[in-house]
Amino acid sequence: MPFCLSKCPYCDFYSVKYNEETAIMYSQAVIRNIRHYLSMDSSLKFDTVYFGGGTPVLLWKEICSIMNELSPHITDSAEITIEANPCCTTKEALCSLKSNGVNRISFGLQSGVDKELKALGRIHDSLTGIKAVNLAADAGFYNISGDIMLGIPYQTKDSLNDTISYMTSLPLSHISAYMLKIESGTPFASAEIKLPDEDEYADFYLDTVKSLDEKGFIQYEISNFAKRGFESRHNLKYWRCEEYIGIGPAAHSYYNSNRFAVNRDIDAFITADIQQTVITERECGNFSEWAMLKLRLSEGLDFETASKRFGVTRDEILNKCRLIPNKLYEIDDKSIRLTPEGFLVSNAVIGIITDI
Amino acid sequence: MSENSYMQEIRNFCIIAHIDHGKSTLADRILEQTETVAQREMEEQILDNMELERERGITIKARAVRLKYKADDGETYIFNLIDTPGHVDFNYEVSRSLNACEGAILVVDASQGIEAQTLANTYLAIEQDLEIVPVINKIDLPSAHPEEVKEEIETVIGIPADEAPLISAKMGINIKDVMEQIVKNVPSPKGDPEAPLKALIFDSYYDAYKGVIVNVRIKDGTLKVGDRIRMMATGAEFDVVDLGYMGAKTLENAKELRAGEVGYIAASIKSIGDTKVGDTVTLVDNPASEPLEGYRNVNPMVFSGIYPADGAKYTDLRDALEKLQLNDASLTFEPETSIALGFGFRCGFLGLLHMEIIQERLEREYNLDLVTTAPSVVYKITKTDGETLFIDNPTNYPDPSEIEVAEEPMVKANIYTPSDYVGSIMDLCQERRGTFKDMKYLDLNRVELHYDLPLNEIVYDFFDALKSRTKGYASYDYEMSGFTPSKLVKLDILLNGEIVDALSFVVHADKAYSRARKIAEKLKDNIPRQLFEVPIQAAVGGKIIARETVKAMRKDVLAKCYGGDITRKKKLLEKQKEGKKRMRQLGSVEVPQEAFMAVLKLDE
């Protein structure tokens, strides 16, 4: 749902300025596309739905109609997530969404420190964040996620600690912690933002993992932490090489063993009967891809699947591990898993393990 | 002598100028004025036709062109303009080109005055008894002060400059004055067309159809097509297939070349090694009793290993070196192997500029990615068993226990400088282990300093250091003066405990410590962090004298989810893998090519 009230200066996701008329046409296009996929395979059942990209909560009314359309095709215990910005979240919206089946909400909180929120160009402050999360809890959401950003200008070890305390004092069941990355073409790229150095980033990350763990948020992926049973099932699909259909400009899909994407063009999406997709990869799902994705997860890469599906033996993987310092991974008979230090250098480690 | 009157119309000359003072532009204008090159064919800087020469504004190879000029006196004169290289690495070649001339045009920038580089070459020209024709260029610039520059020429060089033409080569102003001065002041050549042949080789290059084309100045005698010739230094003999004059764009055949003339010889010569610059060409039938003076066998003085970044390009590199050698007899190479770098070549060069030029040409003209080891000079080692070795590759340096005497090559250096900089030059030479010989005042402001210096102290960056300490005013030249016993040690670099052969070099014991520290620091800055910490050590004879550590990598992660865009993640990882391919795997350590280069540039 690529609509925002304003664009954050670090963000390179596709979005346009919110406008009610376009939003209505947009949701109609989404519904057309849902019908299209269902007409291709009427037995499709969705066990997760994710309204993301931009600020979906702005389109809560439209999302309610989309949910109406979808509900016959959704499994009983499906996880239905909406992304929200604390500023734009009203009680009315939350209640309607809840009664239309949305059961998980993810807030872009980013920080509990106002100075940092300002530096990020966010339009909310810490108090608005608290209000929004509590409003969601009051509306009956018990699966609420919050984002933390590491490496924000002015962020220190202490202020990060404050942010973690802020987050963990809220009724959250899930936390994502991302590292600020300067994407080319964004205002941050031209603004000479000073990012923490490699060691500072690493310390921020390891501190975060440790503090969250102490508060009961268990790491299950490089950037994701949850109370037991609250891992995002939708995101896990990405890492477990399961299929998903993305609808909307810049949306990505993995379906019928192809990976494909929709162009970053909202007008084209609205005017087209069916969204135009570009295949980014055919026949994917080889060992490298699977290993790259599985090693992002705390559950790691299991040798049985590696051997059965890809013919890669535990010994071969073990052999590669000699090039990797011991503290970066844990290994037993069943699987290999990266430690938090290992996650931090996962590109290099994945590079070595997939070089088979 | 009346049959030799053709000589009265010949003028053989070169142009001496500081970089950017307008040598090539003036040459272009002269070519235009004499209508040697049609306007439509004119391209800028016709003589510097190597891309690299145009870019760097320097002349690397000598080149000559024959022009006809109708003078104010009504006579038509033959001008042979011989372009000369202008760097100390090519000093010998300069002296041979000058020797082919009777006069030199000295181009001085009207706003900048005489520069040091010009001075050194002017002295060389005066030594060869050349008539100097001063010309003051760039008079169109607002900052021009030609009268002061004239005075400077008179006091510094000691030649009259009253009549020096004030010109602008760029605007084409007063070029004719230059031509008339050449006619008037440059002496016509002398020589006896009937005497046994003596022709001076001042350049040669390889032509795919004709073989080696030799550029010569006939000093005595006459050469005809069909004559059998002998190169007096190398002894090689050939039959002349073709000869003639060098036009601006093409070669122009002639029946014969006579004393005083400048021209080319083609004689189905396959190897440029047979046509050494400075050698004398004579006739086999009626040979000269002795060769012309001044011939020197030019040996490479600086050696370095050149390796293809991609090992599969080894044969491409060999082919490229062979092609370059066709036109450059001073380039030598032979295969060598390095544990760190694989298969490559040990190449010999005249000096560092020569080395840089060859590297650049290999990379540009032959599209090769190279890894180059630190340059080394040749060391003479007498072993305890009496055997004598000449070592041009530090890897082959014997164990200290086997060395009776280690000797290093020395040079006699002449440094020309304004007197203000004598102090800082003395400091520099002191740092470079120089021994002061003497100093003489050329005039009130100009000084010539004489030093004995170890070659390995000047090959790297002495020229640059000299320039930077004297605001570019000083220049120098040098000649080899044999070997001297020295306290030499081999410095090894270890990465993760293993010696990297390509990084070893020989250094004076007193300098080992500071060099070791600098290299270790440079490597630390140039080796990216890896999963394991990488110790960098510098060792002399097994003793560690410097150490740095590349800390283990701590962050290399794609944290964001990108909304299920797995393709993007994969692409980023693949890009990273590509980057790794450009690195050298040395044991367990990945070293980027830049690290090898960085070690070469220690003083930056």
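In this text, all values refer to a predicted model and were calculated from it rather than measured experimentally.

Calculation notes
Residues numbered from 1 in each chain as written. Chains lettered and ligands numbered in written order. Predicted model: local features only at pLDDT ≥ 70, side-chain atom pairs only at ≥ 80, totals over all residues. Heavy atoms only, no water. Helix = DSSP H or I, 4+ residues; strand = E, 2+ residues; numbered from the N terminus. Rg over C-alpha atoms; globule rule 2.2 N^0.38 Å. Contact = heavy atoms within 4.5 Å. Areas by Shrake-Rupley, 256 points an atom, 1.4 Å probe, with all protein chains shown as cover. Lys, Arg positive; Asp, Glu negative; His and termini not counted. Charge placed at Lys NZ, Arg CZ, Asp CG, Glu CD. Core = buried A, V, L, I, M, F, W, Y, C linked by side-chain atoms within 4.5 Å. Buried < 20%, exposed > 50% of the residue type's maximum accessible area, 1.4 Å probe, protein only. Axes fitted to C-alpha atoms, helices over the stretch in contact; angles between N-to-C directions. Parallel < 35°, antiparallel > 145°, perpendicular 65-115°, else oblique. Left-handed = near helix turned anticlockwise from the far one by under 90°. Nonpolar A, V, L, I, M, F, W, Y, C, P; charged D, E, K, R; others polar. Buried area = accessible area lost by both parts, 1.4 Å probe. Salt bridge = Lys/Arg side-chain N within 4 Å of Asp/Glu carboxyl O. Polar contact = N/O pair within 3.5 Å; in protein donor to acceptor, adjacent residues only side chain to side chain. Pairing = 2+ DSSP bridges. Expected span 1.5 Å × (residues − 1). Patch = residues over 30% accessible without salt bridge, like charges linked within 9 Å, V, L, I, M, F, W, Y side chains within 5 Å. Domains from an automatic or database assignment.

Draft legend 1. Layout of the overall build of chain B. Scanning chain B for helices and strands turns up 14 helices and 32 strands. Taken over C-alpha atoms, the radius of gyration comes to 27 Å for chain B, in line with the 25 Å a tight globule of 604 residues would show. Each principal axis of the C-alpha distribution contributes one length, and for chain B these read about 85 × 65 × 60 Å. Considering only intrachain contacts with a sequence separation of at least 6, the fraction spanning at least 24 residues in chain B is 68%. Of the roughly 25700 Å² of accessible surface on chain B, 47% is carried by carbon and sulfur atoms. When the 74 positive and 100 negative side-chain charges of chain B are each reduced to one mean point, those points stand 7 Å apart.

Draft legend 2. Inspection of the nonpolar core at higher detail. Residue and element names in this part refer to chain A. Grouped together as the largest cluster of nonpolar side chains are 116 residues, with contacts concentrated most on Leu-301 and Ile-317. For this core, the element with the highest residue contribution is helix H1 (residues 20–40), accounting for 8 residues. Apart from residues no more than four positions distant in its own chain, Leu-301 is found in contact with Phe-287, Trp-290, Ala-291, Lys-294, Leu-295, Ala-306, Ile-317, Lys-334, Ser-335 and Ile-336.

Draft legend 3. Broad picture of the packing of helix H9 (residues 422–431) of chain B against helix H11 (residues 462–469) of chain B. All names here are of chain B. Running from amino to carboxyl end, H9 crosses H11 at an angle of 155°, the nearest separation of the two axes being 10 Å. Of the possible angle classes, the one that applies to H9 and H11 is roughly antiparallel. Crossing hand, H9 versus H11: right-handed. Between H9, through Ser-424, Ile-425, Asp-427, Leu-428, Cys-429 and Glu-431, and H11, the contact on the second element is made entirely by Phe-462, Ala-465, Leu-466 and Arg-469. Of the residues assigned to the contact of H9 with H11, the class counts are 6 nonpolar, 1 polar and 3 charged.

Draft legend 4. Spotlight on the interface of chain B and chain A. Taken together, the contact between chain B and chain A spans 25 residues of the former and 43 residues of the latter. Both sides of the chain B and chain A interface together cover about 3300 Å² of buried area, and 58% of this is carbon and sulfur. Ionic pairing is found between B:Arg568 and A:Asp12, a salt bridge with its closest N-O pair at 3.4 Å. Summed over the shared surface of chain B and chain A, the result is 18 residue pairs in polar contact (both at pLDDT 80 or more).

Draft legend 5. Focus on the sheet that holds strand S10 (residues 252–255) of chain A. All names here are of chain A. Taking strand neighbours across the sheet as the criterion, the 3 strands line up as S10-S11-S12 in an open arrangement whose pairing is antiparallel. The open sheet terminates on both sides in strands that have one partner only, identified here as S10 and strand S12 (277–281). Ignoring which end each strand starts from, the neighbouring axes of this sheet average 35° apart. Alignment of strand S11 (residues 258–262) against S12, held across 4 bridges, turns out to be antiparallel. Paired with Phe-260 across the strands is Ile-279, a residue of S12.

Draft legend 6. Geometry of helix H6 (residues 157–168) of chain A. All names here are of chain A. Given a rise of 1.5 Å per residue, 12 residues ought to cover 16 Å, and the 16 Å separating the end C-alpha atoms of H6 matches this to within 8%. Residues of H6 that are buried include every one of Ser-159, Leu-160, Thr-163, Ile-164, Tyr-166, Met-167 and Thr-168, and no others. Elements that come into contact with the buried residues of H6 comprise strand S5 (104–110), helix H4 (114–119), helix H5 (126–138), strand S6 (143–150), strand S7 (174–179) and helix H8 (198–214).

Draft legend 7. Examining helix H7 (residues 314–326) of chain B more closely. The end-to-end C-alpha separation of H7(B) is 19 Å, in line with the 18 Å expected for 13 residues at 1.5 Å each. Buried residues along H7(B) sit in contact with strand S16 (302–308), strand S17 (332–338), strand S18 (342–349), helix H8 (352–365) and strand S19 (370–372) of chain B.

Draft legend 8. Focus on a negative patch on the surface. All names here are of chain B. Taken together, Glu-148, Glu-151, Glu-154 and Asp-162 make up a surface patch of like negative charges. Tracing the backbone through its elements, the reader meets Glu-154 in helix H5 (residues 146–157). Of the residues examined, Glu-154 reaches a relative accessible area of 32% and is grouped as partly exposed.

Draft legend 9. Spotlight on a nonpolar patch on the surface. On the surface, a cluster of nonpolar side chains totalling about 300 Å² of accessible area is made up of B:Phe436, B:Met439 and B:Tyr441. With respect to the helices and strands, the residue B:Phe436 is situated in strand S23 (residues 435–441).

Draft legend 10. Main features of the packing of H1(A) against helix H2 (residues 60–70) of chain A. Residue and element names in this part refer to chain A. Relative to each other, H1 and H2 sit at 15°, their axes nearing to 10 Å. Judged by the inter-axis angle, H1 sits roughly parallel to H2. Both H1 and H2 take part in a crossing whose hand is right-handed. Between H1 and H2, the contacting residues are Ala-23, Ile-24, Ser-27, Val-30, Ile-31, Ile-34 and Arg-35 on the first element and Glu-62, Ser-65, Ile-66, Glu-69 and Leu-70 on the second. Its residues assigned to classes, the contact of H1 with H2 comprises 7 nonpolar, 2 polar and 3 charged.

Draft legend 11. Up close: the domain arrangement of chain A. The domain boundaries assigned to chain A delineate domain 1 (3–231), domain 2 (243–281) and domain 3 (287–353). Distance from the C-alpha centre of domain 2 of chain A to the C-alpha centre of domain 3 of chain A: 31 Å.

Draft legend 12. Expanded view of the environment of B:Cys347. Residue and element names in this part refer to chain B. Take Cys-347: it is sitting in strand S18. Each C-alpha atom of the pair Cys-347 and Val-302 lies 8.3 Å from the other, and the pair is 45 residues apart in sequence. If sequence neighbours within four positions are ignored, Cys-347 has contacts with Val-302, Phe-303, Ser-304, Ile-306, Leu-321, Leu-331, Thr-332 and Phe-333.

Draft legend 13. Summary view of the environment of A:Tyr238. For A:Tyr238, the location among the structural elements is in helix H9 (residues 233–239). A:Tyr238 sits 68 residues away from A:Ala306 along the chain, and the two C-alpha atoms are 18 Å apart.

Draft legend 14. Structural view of the pairing of strand S11 (residues 242–246) of chain B. Residue and element names in this part refer to chain B. In terms of residue burial, S11 counts as a mostly covered element, since 5 of its 5 residues are buried. In terms of strand pairing, S11 meets strand S14 (residues 262–266) through 3 bridges, oriented antiparallel. Residue pairing across strands places Gly-244 opposite Tyr-264, the latter belonging to S14. When S11 meets strand S12 (residues 251–253), the two strands line up antiparallel, connected through 3 bridges. In the sheet register, Tyr-245 faces S12, and the bridge partner there is Glu-252. Counted between consecutive antiparallel strands, the loop separating S11 from S12 contains 4 residues.

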